[in-house]
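An overview of the molecular structure
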Amino acid sequence: MLIGYSGDGYYGLQRNPTDKDHRTIEDEFVEAMVKVDAITEEHARYMNKMSFQRAARTDKGVSAAGNLFSLKMVLIPDVVEKINKLVPPQMKVYDVLRTTGSFNSKIHCDSRTYMYLLPTLAFCPVEEITTEAYRMSEEVLQETNSLLAEFKGTRNYHNFTVGKKFTDPSSKRYIMSAECGRPFVRDGMEFAVITIHGQSFMMHQIRKMIGFIIAVVRGLASKENLQMTWGADKVDVPKAPSLGLMLDKLHYDKYSRKYCSDGSRTPIDWSRYQEEMERFKHEFIYPTVVKKEKEEKSMMMWLRDLHRHHFGVLVPGYPPGAYTGIGRAMHLIELQRGTEATETAKEQRNTSSEESDGEGDGNGDGEEPPSK
């Protein structure tokens, strides 16, 4: 089952049949399938009985233009249209395809494409005043795409995640393409979509990739700093805001070549639904991100602290964000505040202890008894 959805207002994708207080995306799809007699009530309660598997789990509020479920269900007539009539408008079934009996939407996925929708003011040069009136020039777009091309191929991304060492084989990831699309204006603010297609991704990897690209385009970091991240040293890599990151589509090229080339089955090919998916993005997914960005200004707030990073090698035991002049000053202020808070807490504990001692010596006023 090929689906798309806006995650706004839902507690992620994954369903917990026993949790009635936190509504998820799967709740809507599963309940709709029960109502159209595509699955039974028992299978809805015990989803493993229908071999249910989501291809990619998304968290609270996160959207997906193209995700996929694999499950055993009854292919009733017009099942796509019937389910789409029951689910909310911000969710959609593109198609239901018959697969091999052993197909698993997670295991058979051989690559993924993610999108990151961001206001182009993120690329405003650091020497200029950053406002919502900023418009991305053709030169800046070309520079951005030139830098994104640096990620193509197999590289070591230990600096773009957490808890990974340079020597860990799993730190190496293969990126097939990375590109920034042409900007467009929504509600008076210009936005652009960065699309990254990779074999697999680690935690925070995409947000850190985009964070570093923004730093270079703005003039805070250099291309040499970016190339340094693929070496053995730990490098200061900023992480872009979570707002705007979404799953675009999942790829099943190997499965389609092996099991569908003879025409016995329909290949899993998202290009067949490209126009429908683009309409869905612009109608239900992008507006949510634009609205939140204008209200919360998450990118503008993130840019305000970006200059605290130095984009160089990190010294063990020294906190990121405290290497530059301003970053060092803010770090010292935070330390001072922490020291003052600790001293205040100690004074309060001492005062409390003294009062307790006074009350226990038989003098109600808390004063020390006169010496003899």
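In this text, all values refer to a predicted model and were calculated from it rather than measured experimentally. (Residues numbered from 1 in each chain as written. Predicted model: local features only at pLDDT ≥ 70, side-chain atom pairs only at ≥ 80, totals over all residues. Heavy atoms only, no water.)

Let us look at the overall build of the protein chain. Summing up its helical and strand segments, the protein chain has 10 helices and 10 strands in all. When burial is assessed residue by residue, the protein chain has 46% of its 372 residues classed as buried. Within the protein chain, contacts between residues separated by at least 24 positions form 72% of all contacts whose residues are at least 6 apart in sequence. Carbon and sulfur atoms make up 49% of the accessible area of the protein chain, which amounts to about 19,400 Å² in all. (Helix = DSSP H or I, 4+ residues; strand = E, 2+ residues; numbered from the N terminus. Buried < 20%, exposed > 50% of the residue type's maximum accessible area, 1.4 Å probe, protein only. Contact = heavy atoms within 4.5 Å. Areas by Shrake-Rupley, 256 points an atom, 1.4 Å probe, with all protein chains shown as cover.)

Enumeration according to the criterion identifies 17 salt bridges in this entry. In this structure, the salt-bridge partner of D27 is R15, at a minimum N-O distance of 2.8 Å. Within this pair, whereas D27 is found in helix α1 (residues 25-35), its partner R15 is found in the loop between β1 (2-5) and α1, the two being separated by 12 residues in sequence. Here D27 and R15 have matching classes, each one buried. (Salt bridge = Lys/Arg side-chain N within 4 Å of Asp/Glu carboxyl O.)

Looking now at the nonpolar core. Formed by 105 residues in total, the largest nonpolar core has its most connected members in M1, I83, F123 and I214. Broken down by element, the residue count for this core peaks at 9 residues, all from helix α5 (residues 205-218). The contacts of I214, once residues within four sequence positions are left out, are L118, A122, F123, M299, W302, L303 and L306. (Core = buried A, V, L, I, M, F, W, Y, C linked by side-chain atoms within 4.5 Å.)

Turning to the packing of aromatic side chains, a few remarks are in order. Scanning the model with the defined rule gives 17 aromatic pairs in all. Ring centres of F151 and F160 lie 6.1 Å apart, and the angle between their planes is 85°; this geometry places the pair in the edge-to-face category. Cluster of aromatic residues (ring-pair linked, three or more members): Y94, W270, Y273, F280 and F284. Above the face of the W230 ring, R155 is positioned so that its terminal group lies 4.0 Å from the ring centre. (Phe/Tyr/Trp six-rings, centres within 6.5 Å; stacked < 30°, edge-to-face > 60°. Lys NZ or Arg CZ within 6 Å of the ring centre and 35° of its normal.)

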